[in-house]
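Letter by letter, the chains look like this.
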Amino acid sequence: MLKHIVLLEPAGPVGLEEIKAAMDILATLPGKIDGILDFHHGENLDFEDKSGRYSYGFVVTFADKAANDAYVADPDHQRAGGMLVAACHNGYDGIFVADLEV
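Residues numbered from 1 in each chain as written. Predicted model: local features only at pLDDT ≥ 70, side-chain atom pairs only at ≥ 80, totals over all residues. Heavy atoms only, no water.

Moving on, we get to the nonpolar core. Among the nonpolar cores identified, the biggest contains 24 residues, and Leu8, Ile19, Met23, Leu26, Phe58, Tyr71 and Leu84 are the most heavily contacted of them. At the level of elements, β1 (2-8), α1 (12-26), β2 (36-43), β3 (56-62), α2 (65-73) and α3 (75-87) are the ones that each hand at least two residues to this core. If you tally residues by element for this core, the top one is α1, at five residues. Not counting chain neighbours up to four residues away, the residues in contact with Ile19 comprise Leu8, Pro10, Tyr56, Leu84, Ala87 and Cys88. (Core = buried A, V, L, I, M, F, W, Y, C linked by side-chain atoms within 4.5 Å. Buried < 20%, exposed > 50% of the residue type's maximum accessible area, 1.4 Å probe, protein only. Helix = DSSP H or I, 4+ residues; strand = E, 2+ residues; numbered from the N terminus. Contact = heavy atoms within 4.5 Å.)

Consider a sheet: its strands pair through backbone hydrogen bonds, and that pairing is either parallel or antiparallel. As summarised here, the arrangement of the four strands in space is β2-β3-β1-β4, forming an open sheet in which the pairing is antiparallel. In this open sheet, the two strands that pair with only one neighbour each are β2 and β4 (95-101). On average, each strand axis in the sheet is inclined to that of its neighbour by 10°, with strand direction left out of account. Direction of pairing for β1 relative to β4: antiparallel, over a ladder of seven bridges. Considered in β4, the bridge of Ile5 is made with Ala98. Relative to the sheet, α2 contacts β1, β2 and β3, its axis offset from that of β3 by approximately 130°. (Pairing = 2+ DSSP bridges. Axes fitted to C-alpha atoms, helices over the stretch in contact; angles between N-to-C directions.)

This part takes up the packing of α2 against α3. One can describe the packing of α2 onto α3 by two numbers: an axis separation of 5 Å at closest approach and a directional angle of 65°. Contacts between α2 and α3 pair Tyr71, Val72 and Ala73 from the former with Pro75, His77 and Gln78 from the latter. The residue makeup of the contact of α2 with α3, split by class, is four nonpolar, two polar and no charged. (Nonpolar A, V, L, I, M, F, W, Y, C, P; charged D, E, K, R; others polar.)

All right, on to the packing of aromatic side chains then. Counted under the stated rule, the structure contains three aromatic pairs. When the ring of Phe39 is compared with that of Phe58, the centres are 5.7 Å apart and the planes differ by 45°; the resulting orientation is tilted. Residue Phe39 is located in strand β2, and its partner Phe58 is located in strand β3; the two are separated by 19 residues in the primary sequence. Owing to a relative accessible area of 4%, Phe58 belongs among the buried residues under this scheme. (Phe/Tyr/Trp six-rings, centres within 6.5 Å; stacked < 30°, edge-to-face > 60°.)

Spelled out as structure tokens, the structure:
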């Protein structure tokens, strides 16, 4: 099983609204792509005060690498990804991604 963890640094209030619009798109993918087990998103509460610049994030759980590959290739994922790059501070540099095998 894989956990795809994405933390986002919005480019201000407008960026946060665009991020939430992208989340609406990504939230449709579990019913569309086999092997996506769940999708969750929300504000980063940053209890340890270590990641404050990344104030929003999401986690996708995949059954396996094949499900991740289908997600990466999906046109809706690509569209949402483009929205996220445009909505984050310094574009792609305002996005942190980690993929964990669990």
